[in-house]
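Structural description and commentary
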Amino acid sequence: MAAAGGVYEPLPPPCAFSPGSRDLLALSGVDGRIQVWDTRGAGLRREYVPSAHLSATCTCLAWAPSRGIQEAHQKKRRKSEAVDKDVQYDLLTIGTATGTILLYSIVKGELQSKLVGGHDRRVNCIRWHQENGCLYSCSEDKHIVEWSTQTYKVNCKWKGDNGSVSSLCISPDGKMLLSAGRTIKLWDLETKEITRQFTGHSAAVTSLMFIPVRTSADPQAPPDTTGLYFLSGSVHDRLISVWQVRTEKREKSAVLSFTLTESPVSVDLAPSNSKEMPVKLAVVSRDGQLHLFEHTLNGTHKKPLAPTCTVQIATPGSDEESTPKPVPIHAAGFCPDRQSVVLYYGSTMQPLIEKVVLKTDEPHVCLVRDIQKTLTLRKEMTVTKVKTPVVKPAETTVLVPGIPGHSASTTAVASKSDRREGKRKPGDKEISIEDRLGAMDIDLPKVPAKSGLPQTDSFSVLLVQGLESNDCNILNKVFQTKNDSMIKKTVARIPMYAIIPLVHELTKRLQGHPNNAILMVRWLKAVLVHHASYLSTLPDLVPQLGALYQLMETRVKTLHKMSRLSGKLYLLITQVSAAEISQRIKANQEAKVVYEEESSDDEAGDEDHNMDSDENWEESDEEAETGEESEEEDSEEEINVDKADGDSDVDLGNESEEE
């Protein structure tokens, strides 16, 4: 699979199974070497090293279609079946990072031709036309080129997208061409005009494939194009989308999607012989698992479909380590029987290819393989007798690097007998390493006394090593830190060439779990703050940060809807909690006054009493008023009487005095 815009470099390197029987597997190494392996166990068939394999590494591989199968069989009836298959799939097309396309012959073992002048940047995808023999290629230079394989020159060249064109696919009838960058476009090959566009991926599309449906069991019969479908996979999407080309509604969205654990790396399809039979799909994700799908294409399906079977390869647990280690699968292809699958795993130097018959009834299948034992059995062990020459110590001369006459002084190495005589006795002290280095006349670095031992930038070194080797364990260890000052120091100390790979790795990890995205945002902020000047000098900054910008834009679009939904949910929760609190308060309240009704007789007596009191309340008031007046009169009379008595007392006293 090829990448777009330098945004994503897929792992493993490009590989391609030969169509049909899957007898050959073409691999590209990291150093640009092309190897063709026999999947039936015959080993390495061909190895080709391009002249510019270090500077112009291989970016994509494609097998040319068969050239007259019937004529080849008539001319070479006496030869073996393997030769016929080699003739059937002879030409291997190699796309390079510099824009050139190489045509390599498997039978002759030599370079047949070189296509130059169509692209000036990295070639992302190559597709062959089944009928007219033309070759179509797309590149990072935004163009699609139609090549003539007879003249090896450009027939037509047109702009395919505003950015890099990452993938191509030709329809089964040979009249339409699909191209994908940010959007998927359907072209008419005769007029080179766009007939339809499909949007739905947030990153560059790296997988495009038509799904032909045959109306009969004859493999030579033309496929049915009335209900044509195609599938697509993106760099950072964990979905395989299925689109319908010819529909009355002309829907732009996908009618079906298959869910994966990670982004797709390799996709293969086993077409159905009729509309009623299900289509089989084999997808290898980035985490090294194989997902198998079976589904009948009969309309739209809203929910993403889960795989019917997931295959994983692991090594058996050793005595020291009981847990087995997973072995990633790099590519998979269906055999003609539609029941067995050819798996490619291992390294590019020693690939392991195996044909497996899988039962899709089991949801999870784990294949235990001892890779070390398999490699030792495959490797040809050559026994050679090596003799060490016997040289006398007196005849040896030690050569010291440097200008003659100005070499550093060296200390003679003690002979074996001297070393035996000069063994350290139990009472002797061992010479320190500092003294030994001083005897060798090596200048030691002067370390200040206060600073202590020299410190190393472990996090920055680990980060660069993890980015270069693409080691998930190292990257996870570095990215798990939550200290902002540590993040800023680490980002500030990384070299310039590691900034863009760091941004790509952060963009990929932002697609994961939300908790992981929270940590990645801190790193991304530090990168943009510390290295903004360097990023602004890049001429291709827009395609480099295109995936990140698209990701942030999609997250921001959903942020408003999520905030509204959060507000509504908060309002409902507060209302429900307030209602529950009010009910609890009402339930906990106790009556301060309790009124108890009496019996019926008492009620009757009370009613009579109340009636009497109601009738006589005015009389009682009048009596009360007359009583008050009478009390006042009595009080006045008492006062008068007292006065009279007082006067009488005085008169009596006077009378006594007079007497």
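Residues numbered from 1 in each chain as written. Predicted model: local features only at pLDDT ≥ 70, side-chain atom pairs only at ≥ 80, totals over all residues. Heavy atoms only, no water.

Further remarks concern the overall build of the protein chain. For the protein chain, the helix and strand inventory stands at 15 helices and 29 strands. Residues classed as buried in the protein chain amount to 36% of the 659 residues present. Within the protein chain, residue pairs in contact and separated by at least 24 positions form 52% of the contacts whose partners lie at least 6 positions apart. In the structure as shown, the protein chain presents an accessible area of about 41500 Å², 53% of it carried by carbon and sulfur atoms. (Helix = DSSP H or I, 4+ residues; strand = E, 2+ residues; numbered from the N terminus. Buried < 20%, exposed > 50% of the residue type's maximum accessible area, 1.4 Å probe, protein only. Contact = heavy atoms within 4.5 Å. Areas by Shrake-Rupley, 256 points an atom, 1.4 Å probe, with all protein chains shown as cover.)

Relative to each other, helix H7 (residues 472-479) and helix H9 (residues 499-509) sit at 85°, their axes nearing to 13 Å. Relative to H9, the element H7 lies roughly perpendicular. Residue-level inspection shows Cys472, Leu475, Asn476 and Phe479 of H7 in contact with H9, the latter providing Leu502, Glu505, Leu506 and Arg509. Looking at side-chain class alone, the contact of H7 with H9 contains 5 nonpolar, 1 polar and 2 charged residues. (Axes fitted to C-alpha atoms, helices over the stretch in contact; angles between N-to-C directions. Parallel < 35°, antiparallel > 145°, perpendicular 65-115°, else oblique. Nonpolar A, V, L, I, M, F, W, Y, C, P; charged D, E, K, R; others polar.)

Time to look at the UniProt feature "repeat: WD" (unreviewed entry) in the protein chain. Look at the UniProt record and you will see "repeat: WD" (unreviewed entry) annotated at residues 116-151. Between the end C-alpha atoms of residues 116-151 there is a gap of 12 Å, over a span that is 0% helix and 47% strand. (UniProt positions renumbered as here; feature names shortened; annotations may be inferred.)

What follows concerns the sheet that holds strand E28 (residues 351-357). The strand order across the open sheet built from 3 strands is E26-E27-E28, with neighbouring strands paired in antiparallel fashion. Both edges of this open sheet fall to strand E26 (329-334) and E28, since each of them pairs with a single strand only. Averaged over all pairs of adjacent strands, the angle between their axes in this sheet comes to 20°, without regard to strand direction. As paired strands, E26 and strand E27 (residues 340-346) are joined by 5 bridges and run antiparallel to one another. (Pairing = 2+ DSSP bridges.)

Before going further, it helps to examine the environment of glutamate 140. Residue position: glutamate 140 is located in the loop between strand E10 (135-139) and strand E11 (143-148). The buried category is assigned to glutamate 140, whose relative accessible area is 11%. When the C-alpha atoms of glutamate 140 and valine 123 are compared, they prove to be 6.7 Å apart, with 17 residues separating the residues in sequence.

A word on the sheet that holds strand E9 (residues 123-128). Spatial strand order, E9-E10-E11-E12: 4 strands in an open sheet with antiparallel pairing. At either margin of the open sheet sits one strand with a lone partner, and together these are E9 and strand E12 (153-159). Between one strand and the next, the sheet's axes are offset by a mean angle of 20°, whatever the strand orientation. Alignment of E9 against E10, held across 5 bridges, turns out to be antiparallel. From the neighbouring strand, valine 123 faces E10, where its bridge partner is serine 139.

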